[in-house]
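# Observations on the three-dimensional arrangement
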Amino acid sequence: MLQGFIAILLGLGLMGALAIAMADHLALPLQRLAEAVRNMSAGNFDTRVPAISSGEMRVLEDGFNDMAGHIEEAHRSMQSRIEEATAQLVFQARHDALTGLVNRREFELRLDKALDTVHAGGDEFSVLYIDLDRFKAVNDACGHLAGDELLRQISLLFQGRLREEDTLARLGGDEFGIMLANCSLTKARQVAEDLCALSAEYRFVWQDKIFAIGASIGLAPVTRDVRDVQEIFALSDAACLQAKELGRNQVCELAPATQTDRRRDRGNWASRLASALSEGRLIVEAIPIRALHAGVPGGQIAELSARLNEPGQAPIALSALIDAAERYDMASVFDHHFLETAIRSLARATRQQMGMRCMVPLSRAAIANSKTGDFIASQLEEHGIEGQGLCLMFSEDISTHQTSQLIEFSRRMRELGCQIALTEFGGGVSSFTQLRTLAPSYVRLSLSLTRDIGDGVTSTALLRAILEITAEQDIYSIAEDVDDTPLLEHLRKLGIAYAHGKAVAPREPFDAWFEGAVMRGSRG
Ligand SMILES: Nc1nc2c(ncn2[C@@H]2O[C@H](COP(=O)(O)OP(=O)(O)OP(=O)(O)O)[C@@H](O)[C@H]2O)c(=O)[nH]1
């Protein structure tokens, strides 16, 4: 009996030990597998399990390791494709697609960095602004493909004369910029002269035609007196213009103004502007805008511009005036003059129950100055009108660099009933973000998008995408400087809402336009 009981106990003990051994045999590998799956899902794609079991458990372990290997490989190749695409996007954002050179934006960034070094006591450097001569003749005679090829060849020619540390950029069209780092002014002059001579000797051959071009080059030494990148561009561009005016294919140089020059120039500009205003020589002009579709709000619409007439001199255009005014902190003179003209006219139009809209370009100083909003509010109040009809325009450059000030300003303007328009829209990469942050009512499209569209040079894909996106957000598009009727028709068919330019109506003094608008308004 006792022996039987002991035998049963031994049997039970044996079975228990067997069960524990079997459970261990199964549970441990399963635990390892579960842990490995957790690791994989946490992103550790190099996870593997030791393949040490036998039977079906071994099949599972091998299967898991195979699968992990495939996942790891797929992840690695996806990662490298993402990195490749990102690198490509970064490259595209910094380079010109046609020539592969650095683009304007990247050139500005590099200039900015180099200027910071100069301000911190580093070496001064020089910048060349190059505008090709007689380039248009190649486009006109042989088409844009030939022009494109010339731009590529001339880029290589210029690059060949420069050192590794120099930066050659295509600034747009047939314009190039060069930053000559660690280079004395004497050497910079020599490089500029060499590039000029190379361009004059160069012959562009296309089919049976041979073209001689040339290069007008502006040289600007970048010293500690230069305040910002805008000033580098203003100087080198003005020097290049001088080279053009003096007969092309030559180098002109403009040195930056010193503090004393600035004070003197500021005084000159201040008195020139004050007397121009008091003597009525600052002519405010209207650039009429026309709605291109029946469903688009029509009425009398004009963008304001200006021109300064000085005795014995060619009129000075608004862009040059604003450039000078901003340089000498006097831009608010123009802003206020435009705003007063527009608000006074809108008040008259309101009294005559006439629909009118005035689009007023404002300077970067207007946005930086919190008093601009107060000025507009007080002018509207003084004339007893709401802001409807007054549309304030800002370039993409302003909205990129002064975004938070502009958001605040736009908010206040909308409270007054005014509208916002962005100009040069679509020329840069930040455009789309600004639609969300600034909620404009209008965008005036960058000329680069609309200019050559008629002859199929510019791709319409980007323009169509912009029109689709703006239409979705109830934003009207405006095409600027449309000078011929077929192009106007082409743009209308693409869905652009408004246009201005010679094909719409010539610009004229604002007062004359206003009187005409009143007559047209009363007839209509
Ligand atoms: N082929 C081609 N042409 C372009 C491109 N971008 C701008 N253009 C054209 O380049 C021309 C530049 O005009 P201009 O600088 O006035 O021509 P230009 O004959 O050199 O005039 P000057 O500078 O006064 O000698 C315009 O006709 C533009 O349409 C481009 O990417 N490819």
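Check the entry above for the structure.
Residues numbered from 1 in each chain as written. Predicted model: local features only at pLDDT ≥ 70, side-chain atom pairs only at ≥ 80, totals over all residues. Heavy atoms only, no water.

## Some thoughts on the overall build of the protein chain
Stated formally: Secondary structure elements are defined from DSSP: runs of H or I of at least 4 residues count as helices, runs of E of at least 2 residues count as strands, and each element is numbered from the N terminus. Categorising residues by exposure relies on relative accessible area from a 1.4 Å probe, with only protein chains included: less than 20% of the type maximum marks a residue as buried, more than 50% marks it as exposed, and the intermediate range marks it as partly exposed. All accessible areas in this document rest on Shrake-Rupley with a 1.4 Å probe, and a residue is counted as covered only by the protein chains that are shown.
Looking only at helices and strands, the protein chain has 19 helices and 17 strands in total. For the protein chain, the proportion of its 524 residues judged to be buried stands at 43%. Put simply, the protein chain shows about 27,200 Å² of open surface, and 55% of that area lies on carbon and sulfur atoms.

## Structural notes on the site of the ligand
For the record, the criterion: It suffices for a single heavy atom of a residue to lie within 4 Å of a molecule or strand for the residue to be listed as near it. Counting of polar contacts relies on pairs of N or O atoms within 3.5 Å, with two restrictions inside protein: one atom must be capable of donating a hydrogen and the other of accepting it, and residues adjacent in sequence are counted only when both atoms are side-chain atoms. Under the convention adopted here, Pro, Cys and the residues Ala, Val, Leu, Ile, Met, Phe, Trp and Tyr are nonpolar, Asp, Glu, Lys and Arg are charged, and Gly plus all remaining residues are polar.
Around the ligand, the structure places 17 residues, and the nearest of them are Lys136, Asp148, Arg170, Lys244 and Arg248. Taking Asp148, its side chain carries an N or O atom lying 2.6 Å from a nitrogen atom of the ligand. At a separation of 2.6 Å, an oxygen atom of the ligand approaches a polar side-chain atom of Arg248. Summarising the interface, the protein chains cover 77% of the accessible area of the ligand, which totals 660 Å² for the free molecule. Counting only elements with at least two residues in the shell around the ligand, the list comes to β1 (125-133), α4 (136-142) and α5 (144-161). Residues of the shell around the ligand, tallied by class, amount to three nonpolar, four polar and 10 charged.

## As for the pattern of salt bridges
Our working rule: Throughout this description, the term salt bridge denotes a Lys or Arg side-chain nitrogen within 4 Å of a carboxyl oxygen of Asp or Glu.
Per the counting criterion, the structure on display carries 33 salt bridges. The salt bridge involving Glu408 is made with Arg411; its shortest N-O contact spans 2.6 Å. Placement of the pair is Glu408 and Arg411 together in helix α14 (residues 403-415), with a separation of three residues, close to one helical turn. In this structure Glu408 comes out as partly exposed when scored by relative accessible area, which is 42%. Owing to a relative accessible area of 38%, Arg411 belongs among the partly exposed residues under this scheme. Glu480 is paired through a salt bridge with Arg444; the nearest N and O atoms lie 3.4 Å apart. Residue Glu480 is found in the loop between β15 (476-479) and α18 (485-494), and its partner Arg444 is found in strand β14 (residues 442-445); the two are separated by 36 residues along the sequence. The class for Arg444 is buried, based on a relative accessible area of 9%. Ionic contacts of the salt-bridge type, sharing partners, join the residues Arg48, Glu72, Glu73 and Arg76 into one network.

## Focus on the pairing of strand β8 (residues 282-291)
Remark: a regular strand shows side chains that alternate across the two faces of the sheet. Using the following cut-off: Here a strand pair is declared whenever DSSP counts at least two bridges between the two strands.
Here β8 lies mainly inside the structure; seven of its 10 residues are buried. Pairing of β8 with strand β9 (residues 300-308), which is carried by eight bridges, proceeds in the antiparallel orientation. Residue pairing across strands places Ile283 opposite Arg307, the latter belonging to β9. In this sheet, strand β17 (residues 508-509) lies alongside β8 in antiparallel orientation, the contact comprising two bridges.

## Side note on the sheet that holds strand β3 (residues 175-180)
This is how the line gets drawn: Orientation is described by lines fitted to C-alpha atoms, with helices fitted over the stretch in contact, and by angles between N-to-C directions that extend from 0 to 180 degrees. Throughout, a residue-residue contact means that at least one pair of heavy atoms, one from each residue, lies within 4.5 Å.
Strand order in the open sheet made by the five strands is β2-β3-β1-β6-β7, with mixed pairing throughout. Unpaired on one side and paired on the other, β2 (167-172) and β7 (251-253) mark the two borders of the sheet. Sheet twist, expressed as the average angle between the axes of neighbouring strands with direction ignored, equals 20°. Judged from the six bridges that link them, β1 and β3 form a sheet pairing that is antiparallel. Looking across to β3, one finds that Leu128 is bridged to Ile178. Its contacts with the sheet place helix α3 (residues 104-119) against β1, β2, β3 and β6 (214-222), and it is angled at close to 155° to β1.

## Remarks on helix α7 (residues 229-245)
Operational definition: For a helix, the expected span equals 1.5 Å multiplied by the number of residues minus one.
Given a rise of 1.5 Å per residue, 17 residues ought to cover 24 Å, and the 24 Å separating the end C-alpha atoms of α7 matches this to within 8%. Within α7, burial applies to Val229, Glu231, Ile232, Phe233, Leu235, Ser236, Ala239, Cys240, Ala243 and Lys244. Backbone geometry just after α7 places Gly247 at a positive phi near 120°.

## Re the nonpolar core
Definition in use: Joining through side-chain atoms within 4.5 Å is the link that ties buried Ala, Val, Leu, Ile, Met, Phe, Trp, Tyr and Cys residues into a set, and such a set is a nonpolar core.
Within the largest apolar cluster, 74 residues are counted, with the highest numbers of intra-cluster contacts made by Met356, Val360, Leu390, Leu392, Phe409, Leu445 and Leu463. Broken down by element, this core gets its largest block of residues, nine residues, from helix α10 (residues 331-351). Of all hydrophobic cores here, the second largest spans 32 residues; its members include Leu128, Ala146, Cys196 and Phe211.

## Topic: the environment of Asp225
Looking at the secondary structure, you find Asp225 in the loop between β6 and α7. Remark: the alpha-carbon pair of Asp225 and Ala255, spanning 30 residues in sequence, is separated by 9.5 Å.

## Some remarks on the environment of Ile301
With respect to the helices and strands, the residue Ile301 is situated in strand β9. Measuring from C-alpha to C-alpha, the distance between Ile301 and Arg357 comes to 4.7 Å, with 56 residues separating the pair along the chain. Not counting residues up to four positions away in its chain, the partners in contact with Ile301 are Ile287, Pro288, Ile289, Arg357, Met359, Tyr498 and Trp513.

These values are about where atoms sit, not about what they do.
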